[in-house]
Amino acid sequence: MNRIFLLLSTFCLFLLIGCTPEDDTVTPSNSINKIMPLGASRVEGARPVFESYRYELWKQLVDGGWEFDYIGTVDDEASYPNYASQSFDNDHEGRGGWTSGQILDGLQGWIDQTGAPDIVLFSSPGGNDALQNLSYADAVDNINSIIDLLQEANPNITIIMEQLAPARSELMTGDLANYFDQLQTDVIQIAQDQTTTTSQVLLVDMATGFSDSLLADDVHYNEAGAAFIASQYYTVLEAILE
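Residues numbered from 1 in each chain as written. Predicted model: local features only at pLDDT ≥ 70, side-chain atom pairs only at ≥ 80, totals over all residues. Heavy atoms only, no water.

Looking at the packing of aromatic side chains
Right, on to step 1. Scanning all chains against the criterion turns up 13 aromatic pairs.
Right, on to step 2. Seen in terms of ring centroids, Trp 58 and Phe 88 are 5.4 Å apart; in terms of plane orientation they differ by 75°. Their pairing is edge-to-face. Pair noted here: Trp 58 is in helix α3 (residues 54-63) and Phe 88 is in the loop between β3 (74-75) and β4 (91-94), with a separation of 30 residues, a long-range link. Comparing Trp 58 with Phe 88, the two get one shared label, buried.
Right, on to step 3. Judged by centre distance (5.8 Å) and plane angle (65°), the ring pair of Phe 68 and Tyr 70 falls under edge-to-face. (Phe/Tyr/Trp six-rings, centres within 6.5 Å; stacked < 30°, edge-to-face > 60°. Helix = DSSP H or I, 4+ residues; strand = E, 2+ residues; numbered from the N terminus. Buried < 20%, exposed > 50% of the residue type's maximum accessible area, 1.4 Å probe, protein only.)

Some thoughts on the packing of helix α4 (residues 100-114) against helix α6 (residues 136-153)
Right, on to step 1. At their nearest, the axes of α4 and α6 sit 9 Å apart, and the two run at 10° to each other. Of the possible angle classes, the one that applies to α4 and α6 is roughly parallel. Seen from α4, the contacting residues are Ser 100, Gly 101, Ile 103, Leu 104, Leu 107, Gln 108 and Ile 111; seen from α6, they are Ala 139, Asn 142, Ser 145, Ile 146, Leu 149, Leu 150 and Ala 153.
Right, on to step 2. Residue composition of the contact of α4 with α6, by class: 9 nonpolar, 5 polar and no charged. (Axes fitted to C-alpha atoms, helices over the stretch in contact; angles between N-to-C directions. Parallel < 35°, antiparallel > 145°, perpendicular 65-115°, else oblique. Contact = heavy atoms within 4.5 Å. Nonpolar A, V, L, I, M, F, W, Y, C, P; charged D, E, K, R; others polar.)

Some thoughts on the pairing of strand β5 (residues 119-122)
Right, on to step 1. Burial along β5 is two-sided: the face carrying Ile 119 and Leu 121 and the face carrying Val 120 and Phe 122 are both buried.
Right, on to step 2. Pairing geometry for strand β1 (residues 34-39) and β5, over 4 bridges, is parallel. Residue pairing for β5: Pro 37 is matched across the bridge by Leu 121.
Right, on to step 3. Here β5 runs beside strand β6 (residues 158-163); their pairing, made up of 4 bridges, is parallel. (Pairing = 2+ DSSP bridges.)

A closer look at empty space enclosed by the protein
Leftover empty space is mapped by rolling, across the atoms, a probe with the size of a water molecule.
Right, on to step 1. Counted under the stated rule, the structure contains 1 cavity of 30 Å³ or more.
Right, on to step 2. The volume enclosed by the largest cavity comes to roughly 310 Å³.
Right, on to step 3. In terms of lining residues, the largest cavity is bounded by 29 residues, among which Ser 124, Gly 127, Asn 128, Leu 131 and Leu 164 are the most central.
Right, on to step 4. Elements with a minimum of two residues in the lining of the largest cavity: α2 (41-44), α4, α5 (127-131) and α7 (174-194).
Right, on to step 5. The biggest single contributor to the lining of the largest cavity is α5, with 5 residues.
Right, on to step 6. Of the residues belonging to the lining of the largest cavity, the class tally is 18 nonpolar, 9 polar and 2 charged. (1 Å grid on protein atoms, 1.4 Å probe; cavity = no way out; pocket = protein on both sides within 12 Å on 5 of 7 lines; lining within 4 Å. Points joined across faces, edges and corners; volume = space filled by probe spheres on them.)

Quick word on the environment of Ala 230
Right, on to step 1. Within the secondary structure, Ala 230 is located in helix α8 (residues 223-237).
Right, on to step 2. The residues contacting Ala 230, other than those within four sequence positions of it, are Tyr 53, Glu 56, Leu 57 and Gln 60.

Describing the packing of α3 against α8
Right, on to step 1. Between α3 and α8, the shortest axis-to-axis distance is 8 Å and the interhelical angle comes to 40°. When the axis of α3 is compared with that of α8, the two are oblique. Read as a crossing pair, α3 and α8 show a hand that is right-handed. Here Glu 56, Leu 57, Gln 60 and Leu 61 of α3 lie close against α8, whose contacting residues are Ala 226, Ala 227, Ala 230, Ser 231, Tyr 233, Tyr 234 and Leu 237.
Right, on to step 2. For the contact of α3 with α8, the class distribution of residues is 8 nonpolar, 2 polar and 1 charged. (Left-handed = near helix turned anticlockwise from the far one by under 90°.)

Written as structure tokens, this is what we have:
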């Protein structure tokens, strides 16, 4: 039964957001805090089916009075209410169903269009690799290569990498649970190894305190889940933003 749930979850992930249009007219940002939300469907969102954390985090950053700009080649086509007399900054690099290898393959082209970010919010690294039962070693290699590429683009970049929030509890058994648990441990070492004298790789714990009540389906956030993830990110961001 768990295997059936996992297959359905992965299948729905591809159905809901399999293809994401890119903006061919991206203008590089001049903001002092260029933030790239990077990842898969948890970044992209699919309102009203499930939520991305980006809108809730954007509101917190607006409330904090920060100068910032989300950057990315993808324009979110969902509808978001204005907040504090501002319209939502919907740029991002989230692509539903994409694995770490696919993100790695696309990343240089996206940076060429947007310019190098100052901060990257690296969401659920290896999450779709786990759901698709792909090679664990390849996922770790890809995560390291993504960080290498980002640091080559901007040697002073700050990368905030998630210890990813779990899927629904009935899925978190067997091979998937083992994959997840190993990733939670190995990203700690990755962050330590990849931090340089000019570029921090920071971790944000999305797993502790996360529960099924924060999910809209097997793997994606509802509004409460999006707010939880956003608050975790904001706690880290307010200490490093210029």
